[in-house]
Amino acid sequence: MRGDRAAADFSGLFADLVRCETRLYNALGDRLRERHGIVTSQYEFLSYLRDHPGCRVADLAAEFAIGVGATSKGIDRLEKQGWAARRPNPADRRSSLLALTDDGARLVQEAERTFTAGLAELLAGTLDTPSLSAVARALSTLRSALEDDQVGTPSG
């Protein structure tokens, strides 16, 4: 009986985590699309490129735990819009280094205000500061453990 209860608790926790993430992602995506013409994944890529100049597609894929192919296609879309560029990698001719363009840097700076304000409104409007801190600590610990053990890392 005890094992069944624990399984039900884990199932509920999983459902809550996934549904919260989906709803937050979608709500932020709606705001970003309306105000800046981008979606959440594009904002995340642009933000990462800003914070990690000279990164590679593989670095983005590892950070977001998605496949290299999907990541490369996402960068293709940013390039097509003129927000990102691939540069030759002097250390490895098989890969490219990624950079924001000036337009991409302006876009991510503007979109960051929308993203941050939207997230603050959605979270702080629901949870008090101690609860937010506890959730942040718990999710950071869980993420670190999963990443350290390479759990859920796509192959390809």
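Residues numbered from 1 in each chain as written. Predicted model: local features only at pLDDT ≥ 70, side-chain atom pairs only at ≥ 80, totals over all residues. Heavy atoms only, no water.

Asks: Sorry, what's going on with the overall build of the protein chain here?
Replies: A tally of regular secondary structure across the protein chain gives six helices and two strands. Taken from the N to the C terminus, the helices and strands of the protein chain come in the order α-α-α-α-β-β-α-α. Taken along the three principal axes of its C-alpha coordinates, the protein chain extends 60 × 35 × 20 Å. The buried share of the protein chain, taken over its 156 residues, is 24%. By sequence separation, contacts in the protein chain at least 24 residues apart represent 52% of the contacts at least 6 residues apart. When the accessible surface of the protein chain is totalled, it reaches about 10500 Å², and 54% of it is carbon and sulfur. (Helix = DSSP H or I, 4+ residues; strand = E, 2+ residues; numbered from the N terminus. Buried < 20%, exposed > 50% of the residue type's maximum accessible area, 1.4 Å probe, protein only. Contact = heavy atoms within 4.5 Å. Areas by Shrake-Rupley, 256 points an atom, 1.4 Å probe, with all protein chains shown as cover.)

Asks: I tried to follow helix α4 (residues 68-81) on my own but got confused; where do I start?
Replies: Counting along an α-helix, one turn takes 3.6 residues, and residues three or four places apart therefore face a common direction. Compared with an ideal rise of 1.5 Å per residue, which puts 14 residues at 20 Å, α4 spans 20 Å between its outermost C-alpha atoms and is within 8% of the ideal. Inspection of α4 places Thr 71, Gly 74, Ile 75 and Leu 78 among the buried residues, and these make up the whole buried set. Buried residues of α4, seen end-on, are gathered within an arc of 100° and therefore sit on one face of the element. Of the exposed residues in α4, those oriented more than 90 degrees away from the buried face are Lys 73 and Lys 80. Considering only its buried residues, α4 is in contact with α2 (40-51), α3 (57-64), β1 (84-88) and β2 (96-100). Once α4 finishes, Gly 82 follows within two positions and takes phi at roughly 85°, a positive value. (Expected span 1.5 Å × (residues − 1). Arc of directions from axis to C-beta.)

Asks: Is there a simple way to explain the packing of aromatic side chains in this structure?
Replies: Remark: the centre distance and the inter-plane angle together describe each pair of aromatic rings, the angle taken between the planes. Under the counting rule described, the total for this entry stands at three aromatic pairs. A ring pair is formed by Tyr 48 and Phe 64, whose centres lie 6.0 Å apart and whose planes are at 65°; its orientation type is edge-to-face. Of this pair, Tyr 48 sits in helix α2 while Phe 64 sits in helix α3, placing them 16 residues apart in sequence. Joined through ring pairs, the aromatic side chains of Phe 45, Tyr 48 and Phe 64 make up one cluster. (Phe/Tyr/Trp six-rings, centres within 6.5 Å; stacked < 30°, edge-to-face > 60°.)

Asks: Can you help me understand the nonpolar core in this one?
Replies: Grouped burial of nonpolar side chains is what soluble globular proteins tend to show. Judged by nonpolar contacts, the single largest core of 21 residues is most densely connected at Ile 38, Leu 46, Leu 49, Ile 75 and Leu 78. Of all the elements in the fold, those that place two or more residues in this core are α1 (2-36), α2, α3, α4, β2 and α5 (102-124). Top element by residues in this core is α2. It accounts for five residues. In contact with Leu 49, other than residues within four places in its own chain, are Cys 55, Leu 60, Ile 75, Leu 78, Ala 84, Leu 98 and Leu 100. (Core = buried A, V, L, I, M, F, W, Y, C linked by side-chain atoms within 4.5 Å.)

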